[in-house]
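One letter stands for each residue in the lines below.
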Amino acid sequence: MSQRNKVPGVRPYDGPAGGWGALKATAQAVRRQMDVVEAPGLLLRTNQPAGFDCPGCAWPDKEHRSTFQFCENGAKAVTWEATSKRVTPEFFQQHTVSSLLELPDFDLENFGRLTHPMAYDAATDTFQPIAWETAFARIGETLRGLESPDEVEFYTSGRASNEAAYLFQLFARELGTNNFPDCSNMCHEATSVGLPQSIGIGKGTVSLDDFDLTDFVISIGHNPGTNHPRMMGTLHEVARRKVPIIVFNPLRERALERFADPQNVAEMATYGSTDIASSYYQVKAGGDVAALKGIMKALLALDARDGDALDHAFIAEHTLGFGALAADLAATGWPDIERESGLKRVDLEQVARAYAKSTAAIVTYGMGITQHNTGTANVKLIADLLLLRGNIGKPGAGICPLRGHSNVQGNRTVGITEKPGADFLRRLEEVFGFTPPRERGHDAVQAMQAMVRGTTKALICLGGNLAVAMPDPEQCFTAMKRLRLSVHLGTKLNRSHLLVGEETYLLPVLGRTEIDLQAGGPQSVTVEDSMSMVHASAGKLKPASEFLRSEAAIVAGMARATLPASKVNWLELIDDYDRIRDLIERTIPGFDDYNRRIRVPGGFRMPLPATERTWNTPSGKAMFSVFPGVRERYEPWPDDVLRLVTIRSHDQYNTTIYGMDDRYRGVFGRRDVLFMNAGDLAAHGLAHGDLVDIETVSSSRRLRLENITAIEYNIARGSVAAYYPEANVLVPLDYIDKECGTPSYKSIPVRIHRAAARVT
Ligand SMILES: Nc1nc2c(c(=O)[nH]1)N[C@H]1C(S)=C(S)[C@@H](COP(=O)(O)OP(=O)(O)OC[C@H]3O[C@@H](n4cnc5c(=O)[nH]c(N)nc54)[C@H](O)[C@@H]3O)O[C@H]1N2
Ligand SMILES: Nc1nc2c(c(=O)[nH]1)N[C@H]1C(S)=C(S)[C@@H](COP(=O)(O)OP(=O)(O)OC[C@H]3O[C@@H](n4cnc5c(=O)[nH]c(N)nc54)[C@H](O)[C@@H]3O)O[C@H]1N2
Ligand SMILES: [Mo]
């Protein structure tokens, strides 16, 4: 360990997650970004019945009474948006786009909130102010001038409200395309594609109440201490009830080991903490297929012996495909399971025994499951595991995907999808009187590939930072710069905005925290959380600039200018968002009485037929799936190849970097590190702190990341980890889950070499 201390900025973190450290960091985040006076009142209004929905994550709140001041990363998300720093036309006057492109991502966003609509001017290489109506007119003219509406991509990042997202899809479909790349394609698409096959709906089935009733939890492939901090309160309660929480994760994540709940007075006063995981299994990256199959194989063996490890009545009444699953599990050998998962048979048998004893089990999962080339298969195997003991559609049990962006689930519900259902399109046609396109459109990777090919000419981004979030920036950045038109609706400057094409517009939006005043008075928007609760969110702060417009208003403005003969009265809709919600209600099932029900504190839950054991699958039954073998990759890699996972630090929100620390993993002031197991370091002849180059194996293009500091970390042998987005240079654009199109951000085959000596 003394060796560890020699690497600058790398020192072990021994405390629990949460606790006083989190409170201190919350206070710092507030101080750094905004007037201290304003903050406490604002923070207290987050996730309150009459307040705004936290833009941080999609974890729900019980009765919407969250004590928000205790959520460090929620506070960072809110203060980052509510900052008093501004990016004005004068700022753009002083900085050319080329000079801004030289700066790190952190600096770009840290300049503050965008204040004016801006258009790129190639002659001066700067953004220049432009009037809203002129911007809309020019965007409309360019879009109308394209040969086909399919030359446009409509990208959505999951922070957009239901209302803005619904208008966005309406605009694109009336124009004539289903090209809807969205952040979900990089995130939980495996859930959206896999779960409907298994249980008839692509959403989680648990509610917060189920966590009060559960007696067994498996947490697999997610890091809630950083990414879903409010979930830690829930897990903390579950752990204190002595419910087993079994973790599968290649990295030791501190919050899953020990957590001190800042709201627990006794724990805080005594500097105590609660153990979260009852068992922690460091599965190899990409080893989840093998681990899940191993648990199920052991469960079937227990049942063969004792006859009660499976819920036979449930399987007979509610499912199809059990025989094929059982045959496949019988044919899958323990040596293969042990090799691919990196876990021992006795351990997986132990998990199966504990699971067999439980009466109501929940499996929670995140990107560690979905961002693999078997992401969809992984999700279906989790469903299999739950179905074997009837754990869907009963209190205290179910499947719990941890969604990403705070409204990514709602965006999908209101029609942001490249593969819309026939019923939805028919209803759009009935209500609006135009014929929407039927053909499938582009997802995120397909959209980027079309930009690389040059067949896509225009990109409109409802938020996000597409080029930086996607794999292989060299290809993506170049493609963005070749666009005829790019339009970005954003709160803060990011790299995608600066990859200017022939015509580029930067349209600044009101954030969640801000008052949205329209002709009909202050407006609320609505969002859907990870547990399908839809509720209203109303900003409370004065807007960052008087020139900002709401996302819905900007979408409407562009649509009106692009479609002179539109069947939609765009401006009228913006006066009063109740009118948008009425249209949502008329075209999408589950929104009955929408406007009344969002006025009830806490909102309402979208229909989840699977929770009532109604299976909307073609067979009308829940379906077991079969994944032959245990190997996740399509191509067998040589044995010396390591598997790279890309992860988020504690101080980041996707491509937004709040700070340079990753406290719980013991990394401070830097992000240029590669987490490696001590055995792998030794096998490579490397020591903690050595500089390495990383190269992707078997890619059609040469993908490298150079001069990274390899550090010793408690991570599964054969797996290495680096930060996203820096490591995206190593992710091939076409290395995807072929079932759902998601890039395999967490199973990149790489080789590591000591960095070549370079002249500096
Ligand atoms: N503060 C903050 N909150 C966020 C975000 C953020 O960036 N910052 N992002 C939001 C978004 S869009 C999303 S999608 C979510 C992301 O939330 P998470 O799903 O927690 O995202 P990651 O940081 O990618 O962490 C994935 C976890 O999976 C583990 N893992 C990696 N590979 C494997 C594997 O093969 N098997 C298993 N079992 N585990 C593996 C990693 O070690 C890590 O602990 O969070 C949302 N909330
Ligand atoms: N290697 C690797 N790559 C990944 C991942 C990974 O784990 N590893 N994760 C993937 C995942 S899960 C996701 S979801 C994507 C994320 O991809 P995106 O959703 O595209 O990226 P974000 O970083 O969330 O977008 C940040 C930008 O959103 C804008 N913004 C913030 N708030 C608002 C708002 O209220 N309105 C509008 N209009 N704009 C706003 C700001 O301008 C900010 O710069 O990245 C993916 N990429
Ligand atoms: Mo995500």
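Throughout, residues of each chain are indexed from 1 in the direction in which the sequence is written. Labels are handed out in written order, letters beginning with A for the chains and numbers beginning with 1 for the ligands. Where local features are concerned, this predicted model is filtered to residues with pLDDT of at least 70; where side-chain atom pairs are given and counted, the filter is 80 or more; whole-chain, interface and lining totals use all residues. Hydrogen atoms and water are omitted, and side-chain values are computed over all heavy atoms in the structure.

A.B. asks: Which residues make up the overall build of the chain, and what are the values?
C.D. replies: The secondary structure content of the chain amounts to 32 helices and 31 strands. Here the globule rule is a power law, 2.2 Å times the number of residues to the power 0.38, and the radius of gyration is based on C-alpha atoms. By the compact-globule yardstick of 27 Å for 760 residues, the chain fits well, its C-alpha radius of gyration being 25 Å. C-alpha extents for the chain along the principal axes are approximately 75 × 65 × 55 Å. Per-residue burial over the chain gives 65% buried out of 760 residues. Think of it this way: any DSSP run of H or I at least four residues long counts as a helix, any run of E at least two long counts as a strand, and we number them from the N terminus. Note on classification: 1.4 Å probe, protein chains only; a residue is buried when its accessible area is under 20% of the maximum for its type, exposed when over 50%, partly exposed between these limits.

A.B. asks: Quick one: what's the story with the sheet that holds strand β21 (residues 533-537), residue by residue and with numbers?
C.D. replies: One bridge is not enough; two strands pair if DSSP finds at least two bridges between them. Ordered in space as β20-β21-β22, the 3 strands form an open sheet in which the pairing is antiparallel. In the strand order of this sheet, the two ends are held by β20 (525-528) and β22 (604-605), each with one partner. As paired strands, β21 and β22 are joined by 2 bridges and run antiparallel to one another. Note that in β22 the partner of V534 across the bridge is F604.

A.B. asks: Could you give an account of the nonpolar core, with specific residues and numbers?
C.D. replies: Ranked by size, the top nonpolar core spans 61 residues in total, and within it Y166, L167, F171, L507 and M558 carry the most contacts. A total of 8 residues in this core trace back to one element, the largest contributor, which is helix α8 (residues 162-175). In this description, contact between two residues means that some pair of their heavy atoms is separated by no more than 4.5 Å. Discounting chain neighbours no more than four positions away, the residues touching M558 are F136, I139, F171, I460, V487, L489 and L507. By nonpolar core we mean a set of buried residues, namely Ala, Val, Leu, Ile, Met, Phe, Trp, Tyr and Cys, connected to one another through side-chain atoms within 4.5 Å. I199, L299, L381 and W615 belong to the second-largest nonpolar core, a separate cluster that totals 59 residues.

A.B. asks: Give a detailed account of the UniProt feature "domain: Molybdopterin dinucleotide-binding" (unreviewed entry) in the chain, specifying residues and quantitative values.
C.D. replies: Summarizing the sequence annotation, UniProt attributes the feature "domain: Molybdopterin dinucleotide-binding" (unreviewed entry) to residues 642-748 in the numbering used throughout. Strand forms 33% of residues 642-748 and helix 6%; the C-alpha atoms that close the span are 8 Å apart. UniProt positions are given in the numbering used here, feature names are shortened, and annotations may be inferred rather than shown by experiment.

A.B. asks: I'd like a description of the domain arrangement of the chain, backed by residues and values.
C.D. replies: Along its sequence, the chain is carved into domain 1 (3-81), domain 2 (86-180 + 441-598) and domain 3 (189-406 + 619-631 + 641-760). Where each domain begins and ends follows an automated or database-derived domain assignment. If you average the C-alpha positions of domain 1 and of domain 3, the two centres end up 25 Å apart. Taken together, the 40 residues of domain 1 in the interface contact 46 residues of domain 3. In this description, buried area is defined as the sum, over both parts, of the accessible area (probe of 1.4 Å) that is lost when the two are combined. In this assembly, domain 1 packs against domain 3 so that about 3,800 Å² is buried in total across both faces, 58% of it on carbon and sulfur atoms. Counted as salt bridges are all cases of a side-chain nitrogen of Lys or Arg within 4 Å of a carboxyl oxygen of Asp or Glu. Across the domain 1-domain 3 interface, the total number found is 2 salt bridges. Here E72 and R663 are joined by a salt bridge, their closest N and O atoms 2.8 Å apart. What qualifies as a polar contact is a pair of N or O atoms within 3.5 Å, subject to a donor-acceptor requirement within protein and to the restriction that residues adjacent in sequence count only when both atoms come from side chains. Remark: the boundary between domain 1 and domain 3 carries 20 residue pairs in polar contact (both at pLDDT 80 or more). At the level of elements, β1 (17-18), α1 (19-33) and α3 (72-81) are the ones that each hand at least two residues to the side of domain 1 that touches domain 3. Top element by residues in the side of domain 1 that touches domain 3 is α1. It accounts for 7 residues. Each residue is assigned to one class: nonpolar for Ala, Val, Leu, Ile, Met, Phe, Trp, Tyr, Cys and Pro, charged for Asp, Glu, Lys and Arg, and polar for all the others, Gly among them. When its residues are assigned to classes, the side of domain 1 that touches domain 3 shows 20 nonpolar, 11 polar and 9 charged.

A.B. asks: Can you explain the UniProt feature "domain: Molybdopterin oxidoreductase" (unreviewed entry) in the chain? Please cite residues and give values.
C.D. replies: Within this structure's numbering, the places UniProt gives as "domain: Molybdopterin oxidoreductase" (unreviewed entry) are residues 113-483. Its end C-alpha atoms 25 Å apart, residues 113-483 is made of 50% helix and 13% strand.

A.B. asks: Outline the site of ligand 1, supporting the account with residue identities and numerical values.
C.D. replies: Taken together, 32 residues sit near ligand 1, with N249, E253, D288, Q652 and N654 positioned nearest. In this structure, F248 approaches ligand 1 through a main-chain N or O atom, which is 3.1 Å from a nitrogen atom. E253 is positioned with one of its side-chain polar atoms (N or O) 2.5 Å from an oxygen atom of ligand 1. The protein chains shown are the only cover counted for residues, whose accessible areas, like all others here, come from Shrake-Rupley with a 1.4 Å probe. When the free accessible area of ligand 1 is taken as 920 Å², the share hidden by the protein chains comes to 99%. Elements with a minimum of two residues in the shell around ligand 1: α11 (224-227), α20 (367-370), β24 (642-647) and β25 (652-653). Its residues assigned to classes, the shell around ligand 1 comprises 11 nonpolar, 17 polar and 4 charged. Working definition: residue near molecule or strand if any one of its non-hydrogen atoms lies within 4 Å of it.

A.B. asks: Please set out the site of ligand 2 residue by residue, giving values where relevant.
C.D. replies: Lining the immediate environment of ligand 2, one finds 33 residues, of which E109, Y155, E551, T655 and N728 sit closest. The backbone of G464 places a nitrogen or oxygen atom 3.2 Å from an oxygen atom of ligand 2. Taking 930 Å² as the accessible area of ligand 2 by itself, protein coverage stands at 97%. Only α25 (466-469) and β16 (485-490) provide two or more residues apiece to the shell around ligand 2. Here the residues of the shell around ligand 2 sort into 12 nonpolar, 15 polar and 6 charged.

A.B. asks: Report on the sheet that holds strand β11 (residues 279-281), specifying residues and quantitative values.
C.D. replies: The 5 strands lie next to each other as β11-β8-β7-β13-β14, forming an open sheet whose pairing is parallel. In the strand order of this sheet, the two ends are held by β11 and β14 (398-401), each with one partner. On average, adjacent strands in this sheet sit at an angle of 15° to one another, irrespective of strand direction. Pairing of strand β7 (residues 216-220) with strand β13 (residues 361-365) involves 5 bridges; the strand directions are parallel. When the sheet's bridge partners are listed, F216 is paired in β13 with A361. Axes here mean lines fitted to C-alpha atoms, for a helix over just the part in contact, with angles spanning 0 to 180 degrees between N-to-C directions.

A.B. asks: Tell me about the pattern of salt bridges, and name the residues and values.
C.D. replies: All told, the structure shown has 45 salt bridges when counted by the stated rule. The closest approach of N and O atoms between R549 and E133, which form a salt bridge, is 3.5 Å. Note that R549 is positioned in the loop between β21 and α28 (551-562) and E133 in helix α7 (residues 132-145), a separation of 416 residues in sequence. Exposure remark for E133: the relative accessible area of 46% places this residue in the partly exposed category. Between R751 and D640 there is a salt bridge; the shortest N-O distance is 2.8 Å. In this pair, R751 sits in strand β31 (residues 748-754) while D640 sits in the loop between β23 (622-623) and β24, placing the two residues 111 residues apart along the sequence. For R751, a relative accessible area of 27% puts it in the partly exposed group. Residue D640 is classed as partly exposed on the basis of its relative accessible area, which comes to 44%. Each member of the salt-bridge network shares a partner with another, and the members are D182, E189, R412, E418 and K419.

A.B. asks: Tell me about the packing of helix α18 (residues 334-341) against helix α19 (residues 345-357), and please be specific about residues and values.
C.D. replies: Packing of α18 against α19 brings their axes to within 10 Å, and their N-to-C directions diverge by 95°. It follows from the interaxial angle that α18 and α19 lie roughly perpendicular. Facing W334, I337, E338 and S341 of α18, the residues of α19 in contact are R345, L348 and E349. Residues belonging to the contact of α18 with α19 are distributed by class as follows: 3 nonpolar, 1 polar and 3 charged. Should an angle lie under 35 degrees it is considered roughly parallel, over 145 roughly antiparallel, and from 65 to 115 roughly perpendicular; all remaining angles are considered oblique.

A.B. asks: Hey, could you go over the state of the cysteines for me, with residue numbers and the actual values?
C.D. replies: For the purposes of this analysis, a disulfide is any pair of cysteine sulfur atoms at a distance within 2.5 Å. Under the counting rule described, the total for this entry stands at 0 disulfides. The structure places no disulfide on C183, whose sulfur is separated from the nearest cysteine sulfur, that of C187, by 6.0 Å. On the basis of relative accessible area, C183 is assigned to the buried category, the value being 8%. Here C740 is not cross-linked by a disulfide; its sulfur's nearest cysteine counterpart is in C187, at 11 Å.

A.B. asks: Go over the pairing of β21 with me, naming the residues and quoting the values.
C.D. replies: A large share of β21 lies buried, amounting to 4 of its 5 residues. Sheet analysis places β20 next to β21, joined by 4 bridges and oriented antiparallel. Within the sheet, the bridge partner assigned to V527 lies in β21 and is H535. What sits between β20 and β21 in their antiparallel hairpin is a turn of 4 residues, with S532 showing a positive phi close to 65°.

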